[in-house]
Amino acid sequence: MSTNTPLLQTIEPDDTSTVQVPSRNTTSNTRPAVVLTPNNNNMASTPADAESGIAGILKQSAHPAALFCLYFFRTSAIVVYILCGLLTDNYVLSTVVVVVLLAMDFWNCRNVAGRTLVGLRFWNQVDDDGESYWVFESRDPSRPANPVDAKMFWTALYVFPALWLLLFVVSFLRFSLSFIPIVALALVFNLTNAVGFTYADRDAKQRWANSIASSGWNMGMGGIGGQILSGAMKNSVGRLFG
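Analysis parameters
Residues numbered from 1 in each chain as written. Predicted model: local features only at pLDDT ≥ 70, side-chain atom pairs only at ≥ 80, totals over all residues. Heavy atoms only, no water. Helix = DSSP H or I, 4+ residues; strand = E, 2+ residues; numbered from the N terminus. Buried < 20%, exposed > 50% of the residue type's maximum accessible area, 1.4 Å probe, protein only. Contact = heavy atoms within 4.5 Å. Areas by Shrake-Rupley, 256 points an atom, 1.4 Å probe, with all protein chains shown as cover. Phe/Tyr/Trp six-rings, centres within 6.5 Å; stacked < 30°, edge-to-face > 60°. Core = buried A, V, L, I, M, F, W, Y, C linked by side-chain atoms within 4.5 Å. Polar contact = N/O pair within 3.5 Å; in protein donor to acceptor, adjacent residues only side chain to side chain.

Enquirer: If you had to explain the overall build of the chain to someone new, which residues and values would you point to?
Expert: For the chain, the helix and strand inventory stands at eight helices and two strands. In sequence order, the chain lays out its α and β elements as α-α-α-α-α-β-β-α-α-α. For the chain, with 242 residues in total, the buried portion stands at 27%. Within the chain, counting contacts between residues at least 6 apart in sequence, those at least 24 apart form 67% of the total. Within the structure as shown, the chain displays about 15,800 Å² of accessible surface, and the carbon and sulfur contribution to it stands at 66%.

Enquirer: Kindly report on the packing of aromatic side chains, identifying the contributing residues and their values.
Expert: Tallying each qualifying case throughout the model produces 12 aromatic pairs. Seen in terms of ring centroids, Phe72 and Phe73 are 5.6 Å apart; in terms of plane orientation they differ by 65°. Their pairing is edge-to-face. Note on Phe73: relative accessible area 13%, which makes it buried. Their ring planes at 80° and their centres at 5.9 Å tell us that Tyr81 and Phe179 sit as a pair that is edge-to-face. In this pair, Tyr81 sits in helix α4 (residues 64-87) while Phe179 sits in the loop between α6 (147-173) and α7 (180-218), placing the two residues 98 residues apart along the sequence. The same class applies to Tyr81 as to Phe179, namely buried. An aromatic cluster of three or more residues is present, and its members are Phe122, Trp134, Phe153, Trp154, Tyr158 and Phe197.

Enquirer: Describe the nonpolar core, and please don't skip the residues or the numbers.
Expert: Ranked by size, the top nonpolar core spans 35 residues in total, and within it Tyr81, Leu117, Phe153, Trp154, Trp164 and Phe197 carry the most contacts. Residue assignment for this core shows that the elements contributing at least two residues are α4, α5 (91-118), β1 (120-126), α6 and α7. In terms of residue count, the dominant contributor to this core is α6 (10 residues). With residues near it in sequence (within four places) discarded, Trp154 still touches Val118, Leu120, Phe197, Thr198 and Asp201.

Enquirer: How would you summarise the environment of Asp203 if you had to cite specific residues and measurements?
Expert: Mapping Asp203 onto the fold places it in helix α7. Accessibility expressed as a relative area gives 26% for Asp203, which makes it partly exposed. In the structure, Asp203 is positioned 66 residues away from Glu137 in sequence and 8.6 Å away in space, judged by C-alpha atoms.

Enquirer: Quick rundown of the side chain of Arg74? Include the residues and the values.
Expert: Assignment of secondary structure puts Arg74 in helix α4. Among the polar contacts made by the side chain of Arg74, one reaches the side chain of Asp105 at a distance of 3.0 Å. A polar contact of 2.9 Å, which involves the side chain of Arg74, links it to the backbone oxygen of Ala156.

Pasting the structure below:
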């Protein structure tokens, strides 16, 4: 190497551009990988999203057939009522179909869905003196209901009466007086089940509180301690459900 040759000329063959070009290519090659990463995450999260759908709810339900029939009858009654009012003028056909669906839903909700999904049942009974009273039944508290079944049952019990009430207001504002009796009958059926199961649930919780208090008494917590425990349980249940 000559001493007259500049030092930069000796470094010039190692051009940095030849090194930078591959680095740019590598960065450009890694960009698609970065872009594809969120897609892989979305694909991994789709099973969790599917679990929150109708199929996932029925899969997690302990009684999927009863849950399906509950929503089928209730939804069918509203859908048929709306479609018959829009697509046909046959009042008799609309009335018969909607009333049949409402009757099937009322019987299914009170005798099948309520008993299997939340373990509650109610009916009105008349004694020998001619006095009527409500009778409530509930399952053993040691066997709690499936949380998915209970949530879907109480949702259907309170949401559908609100929908029928909305349809009643719409029928009244549109002066569809001929359809008001159908909506009124639907409100009677739905509100009867809502009130009946609400009181049945309250009665079940009250009896559970009384059994806890009596068991505390029988376990040696008599006297002042037993009175304090029973009073606290009854008061707490009364404030929450009464």
